[in-house]
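Examination of the molecular architecture
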Amino acid sequence: MRARTSDIDKAAGVLRGGGLVAFPTETVYGLGANAEDSAAVARVFQVKGRPPSHPLIVHIGGAEHLGDWVENVPVTARLLAERFWPGPLTLVLPRGRRVPFEATGGLETVAVRVPDHPVALALLAAFGGGVAAPSANRFGSVSPTTANHVRAELGDEVDFVLDGGPCEVGVESTIVDATGEAPSVLRPGGVTREDLEAVLGRPLAVHSTSRVRVPGQHPSHYAPRARVVLVEPEKVVAEAELAQELGHQVGVFLPPCFADAAVKAHAVVAIPGSMAAYARGLYGFLRELDQRGCDLIVASLPVEEGLGLAIANRLRRAAGPRSSA
Ligand code: TXA
Ligand code: MG
């Protein structure tokens with residue numbers, strides 16, 4: 001879905017004026033501000049309720065602009081940018097001087113990506129600069145994959161919402177730390193580890209949590225209101241029915257192998273067999289179960305390869321540190 005030219009121009013004007021624009025990317029919707037405007041960036045943190053030490057991603061219009069935003073571009077970073085941009089890959093690199101510390105949470109590195117969405121690219125072209133944007137949700141909650149998710153969650157606190165239809169990928173970008181000799185994955189996402197390793201020609205380390213230090217321990221992230229409990233796939237139905245009998249309003253993520261099971265629960269979501277479809281639907285499913293009044297969601301982890309790695313990472317983080325059954 002393409003936005004009208006008048007909407008793109010209006011959104012670019014809002015960014016120039018120091019305002020906030022929610023915009024679609026191929027992964028999730030972002031809450032954008034002019035990356036070079038410290039006050040606008042500070043408002044992003046305020047609207048999200050995010051600690052200021054938690055850095056943002058700077059979105060740019062093309063790989064050719066990367067050198068404008070980082071101190072230097074190591075060979076591996078250039079290789080990855082050429083292969084995967086525009087696309088769901090974020091590169092962490094030494095901070096260029098034009099990036100204010102407000103955007104990097106005080107770090108000397110900056111996260112940069114080129115989103116693969118016609119509306120995002122049109123906005124970046126019309127605006128001309130970099131757009132610092134986290135996912136357009138409140139801190140800790142589920143990322144938005146439609147414009148309506150953004151409106152429902154942030155409402156009037158965003159100056160303009162650009163609607164580009166539902167996001168194709170559905171989980172956030174893969175974040176690769178490309179500052180050192182050996183790149184590593186800080187967050188699994190839309191570009192698979194296997195695809196990255198094929199380009200780099202060597203195995204990649206995956207850190208389950210970001211190495212960025214944040215004050216305090218946040219119990220969960222990417223989390224719906226309902227508590228998420230993870231169990232083995234073959235136990236999903238039994239655990240869900242037991243919790244429902246005990247008085248919970250249970251939402252079930254039913255694995256494809258049990259698609260025909262009749263489950264005695266409050267709400268059932270049939271998980272798609274394809275990982276691409278599961279990733280695309282994941283955040284919408286979590287929001288739907290919240291909306292239907294579930295207080296407990298029973299799910300299992302997919303096989304952790306391809307997009308399954310990113311899905312499993314989000315489900316674990318939604319469940320929090322102690323919520324595995
Ligand atoms: O797909 C995406 O990446 C979406 C869309 C809108 O582009 N954005 C997104 O942003 O997921 P956010 O803010 O929700 O997540 C960005 C993550 C944070 O976990 C942050 O810690 C990490 O990127 N990050 C940002 N700058 C970093 C840096 N300099 N070093 C390490 N991690 C960084
Ligand atoms: Mg986020």
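Residues numbered from 1 in each chain as written. Chains lettered and ligands numbered in written order. Predicted model: local features only at pLDDT ≥ 70, side-chain atom pairs only at ≥ 80, totals over all residues. Heavy atoms only, no water.

With that out of the way, let us pick up helix α2 (residues 38–48). Among all positions of α2, only A40, V41, V44, F45, V47 and K48 are buried. All buried residues of α2 project into a common sector of 170° when viewed along the axis, lining one side. Looking at α2, the residues exposed on the side facing more than 90 degrees away from the buried face are A39 and Q46. Taken together, the buried residues of α2 touch β2 (30–34), α4 (101–104), β6 (131–133) and α6 (147–154). Sitting at the head of α2, D37 places a side-chain oxygen 3.1 Å from the backbone nitrogen of A39. Following α2 by one or two positions, G49 adopts a phi angle in the positive range, close to 70°. (Buried < 20%, exposed > 50% of the residue type's maximum accessible area, 1.4 Å probe, protein only. Helix = DSSP H or I, 4+ residues; strand = E, 2+ residues; numbered from the N terminus. Arc of directions from axis to C-beta. Contact = heavy atoms within 4.5 Å. Polar contact = N/O pair within 3.5 Å; in protein donor to acceptor, adjacent residues only side chain to side chain.)

Turning our attention to the packing of aromatic side chains. Under the criterion given, the structure shown has three aromatic pairs. With centroids separated by 6.4 Å and ring planes inclined at 5°, the aromatic side chains of Y222 and Y283 adopt a geometry described as stacked. Of this pair, Y222 sits in the loop between β10 (205–206) and β11 (227–230) while Y283 sits in helix α9 (residues 275–291); the two residues are 61 residues apart in sequence, bridging distant segments of the chain. One aromatic cluster is present, formed by F253, Y278 and F285 through successive ring pairs. Residue placement shows R95 over the ring face of F101; its charged tip is 3.9 Å from the ring centre. Its guanidinium or amino end placed over the ring of W69, R98 lies 3.9 Å from that ring's centre, counting from NZ or CZ. (Phe/Tyr/Trp six-rings, centres within 6.5 Å; stacked < 30°, edge-to-face > 60°. Lys NZ or Arg CZ within 6 Å of the ring centre and 35° of its normal.)

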